[in-house]
Amino acid sequence: MDVSKSTHSGRAIPFPARDALPFRPLTPRRGRLWLGLALSGGIGLLAWRRRSLTSGGALGAMATGTSIFGLGGWPWGLSLIYFFVSSTLLSHFHAREKAAIAADKFSKGSQRDLAQVAANGGMASLYALANASARSEALRETLQAGFVGALATATADTWATEAGVLSSARPRLLTTGQPVEPGTSGGITLPGSLASALGAFSLGLVLWLTGGLRKSLASLPVISLVSGLAGSACDSLLGATVQAMYFCPTCQRETERPIHSCNTRTQPLRGLSWCNNDVVNFFATLAGSLVAIVLHGILHVFSALRKRTLSRQEL
Ligand SMILES: [Zn+2]
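Residues numbered from 1 in each chain as written. Predicted model: local features only at pLDDT ≥ 70, side-chain atom pairs only at ≥ 80, totals over all residues.

**Remarks on the overall build of the protein chain**
Cut-off, in case you're wondering: In this text, helices come from DSSP runs of H or I with a minimum length of four residues, and strands from runs of E with a minimum of two, each type numbered from the N-terminal end. With C-beta atoms placed from the backbone, the exposure class of a residue follows from how many other C-beta atoms lie within 10 Å of its own: 20 or more, buried; 12 or fewer, exposed; in between, partly exposed. Here, residue contact means that the backbone-derived C-beta atoms of the two residues sit within 7 Å.
Across its full length, the protein chain holds 10 helices and five strands. Dimensions along the principal axes, computed over C-alpha positions, put the protein chain at roughly 90 × 60 × 30 Å. Buried positions account for 45% of the 315 residues belonging to the protein chain. For the protein chain, restricting intrachain contacts to residue pairs at least 6 apart in sequence, the fraction spanning at least 24 positions comes to 71%.

This is the structure:
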């Protein structure tokens, strides 16, 4: 009997066709989607119970985690976990001082809500969605650069905010160099900037390591460092210029809050009324990802040119 022929024809197989199965077989992607849902669901629930996320924030974290794990793959998912876990650990340093600054300055409390999660992780999720339908390796590498740029910006920004509190010197505005109160949008400090660089570089390193240390992707940590710093500079620049800032007449202080922690309705001071911290963060991650894509493209062209020169020398 010709076995190969009978299995090829399909009719000879005594099992129902794939479509007729009562369940859909678990492909690697579907497996990762479920795993991403389970992991981010667990982390989201834990963060919600610890009050570091609101219920909306926890749902946003689940959507971000599931899409990045399922559609981006293991290295992307592990990079996201690295961002989340490192930021959470850093937030425990000098937690009391930070809570005081947050209540005074930031538009929202220490609990992250849906808009904050979307502002930090939304761009990275969009790259994961695009990655799911990318057909060529070159396009996937480009999207990976965009992903690392977006997440590096979020990491750099979060690490800078958490470490900036440790600065003994007052932050200075990126635009004018004027000293400002700690927690002011657009203000930068030396420990904050060093933390930015470290956060962005280490994120790229995690992505490269978990992706199997491929020689062709060895530039990822540097792309991540440069794009993370560029995105975070963009964040400070927008924070110092177009972000809505208010003034509390009771406390005589600048704040991001339309209603201050003392319950006084604040007065508009500068910036665009619709442009809050979430909007600024979203545009910063967009800028960081575009810088990473351009950088990836330049490095790609350079390595192609070098290969051509080398092959000519061999002739
Ligand atoms: Zn006040």
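**Focus: the confidence of the model for the protein chain**
Applied cut-off: Per residue, pLDDT captures the predictor's confidence, and it can take any value from 0 to 100.
With 90% of its residues at a pLDDT of 70 or more, the protein chain shows a mean pLDDT of 86. The low-confidence segment residues 1-11 (pLDDT under 50) makes three contacts with residues lying over four places distant or belonging to another chain.

**Observations regarding the packing of helix α7 (residues 137-164) against helix α10 (residues 277-314)**
Two packed helices can be described by the angle between their axes and the distance between those axes. Defined as follows: Axis lines are fitted through C-alpha atoms, for helices just across the contact stretch, and the angle between N-to-C directions can take any value from 0 to 180 degrees. Angles below 35 degrees are treated as roughly parallel, those above 145 as roughly antiparallel, those between 65 and 115 as roughly perpendicular, and all remaining angles as oblique. Handedness of a crossing is defined here by the sense of rotation of the near helix relative to the far one, left-handed for an anticlockwise turn of less than a right angle and right-handed for a clockwise turn.
Axis separation between α7 and α10 bottoms out at 7 Å; the angle between their running directions is 135 degrees. The angle between α7 and α10 places the two elements in the oblique class. Handedness of the α7/α10 crossing: right-handed. Along the contact surface, α7 presents E141, T142, A145, G146, V148, G149, A150, A152, T153, A154 and D157, while α10 presents N281, A284, T285, G288, S289, V291, A292, I293 and H296.

**Re unusual backbone geometry**
Of note, the phi angle at R51 is positive, near 65 degrees, even though the residue is not glycine. Within the secondary structure layout, R51 lies in the loop between α2 (28-49) and α3 (55-72). Judged by local crowding, R51 falls into the exposed class, with 10 C-beta atoms found within 10 Å.

**Comments concerning the environment of Q252**
The residue Q252 is located in the loop between β3 (245-248) and β4 (253-255) in this model. Between the C-alpha atoms of Q252 and C262, which are 10 residues apart in sequence, the distance is 11 Å.

**Points about the pairing of β3**
For the record, the criterion: Pairing between two strands is assigned when DSSP locates at least 2 bridges connecting them.
The sheet contact formed by β3 and strand β5 (residues 267-270) spans three bridges and is antiparallel. Looking across to β5, one finds that Y246 is bridged to P268. Relative to β4, β3 runs antiparallel, the two being bridged by three bridges. When the sheet's bridge partners are listed, Y246 is paired in β4 with T255.

**Focus on helix α9 (residues 220-241)**
The following threshold applies: To estimate how far a helix should extend, the number of its residues minus one is multiplied by 1.5 Å.
Look at α9: 31 Å from first C-alpha to last across 22 residues, which is about the 32 Å you get at 1.5 Å a residue. Of all the 22 residues making up α9, 19 are buried; the element is thus mostly covered by neighbouring parts of the structure.

**Details of the nonpolar core**
Heads up, the rule is: Definition of nonpolar core: a set of buried Ala, Val, Leu, Ile, Met, Phe, Trp, Tyr and Cys residues joined via C-beta atoms within 7 Å.
Counting residues in hydrophobic clusters, the biggest one holds 61 residues, and the most contacted among them are A124, F147, V148, L151 and L203. Broken down by secondary-structure element, the contributors of at least two residues to this core are α2, α3, α4 (74-91), α6 (114-132), α7, α8 (190-210), α9 and α10. Ranked by residues supplied to this core, first place goes to α7 with 12 residues. Those residues in contact with L151 that sit more than four places away from it in its chain are S79, L80, F83, A124 and L203.

**Some points on α3**
In this model, α3 (18 residues) spans 25 Å end to end at C-alpha, consistent with the 26 Å of a helix rising 1.5 Å per residue. A positive phi of about 110 degrees marks G73, the residue just after α3.

**Details of the sheet that holds β4**
Whether parallel or antiparallel, the strands of a sheet pair through hydrogen bonds between backbone atoms. Pairing within the open sheet is antiparallel, and its three strands lie in the order β4-β3-β5. This sheet does not close on itself; its edge strands, each paired only once, are β4 and β5. Neighbour-to-neighbour, the strand axes of this sheet turn through a mean angle of 40 degrees, independent of strand direction.

**Some points on the environment of S193**
Topologically, S193 is positioned in helix α8. Sequence-wise, S193 and T161 are 32 residues apart; in three dimensions their C-alpha atoms are separated by 9.3 Å. Other than its neighbours up to four places away in sequence, S193 contacts A160 and I188.

**What about the packing of α6 against α10?**
Two elements in contact, α6 and α10, have axes whose closest approach is 8 Å; the angle formed by their N-to-C orientations is 25 degrees. With respect to their mutual orientation, α6 and α10 come out roughly parallel. As α6 packs across α10, the resulting crossing turns out to be right-handed. Contact residues: α6 offers A115, Q116, A119, N120, G122, M123 and Y127, while α10 offers D278, N281, F282, T285, L286 and S289.

**Regarding the environment of G211**
Along the polypeptide, G211 turns up in the loop between α8 and α9. In sequence terms G211 and P75 are 136 residues apart; their C-alpha atoms lie 5.2 Å from each other. For G211, the contacting residues outside a window of four places in its chain are P75 and L217.

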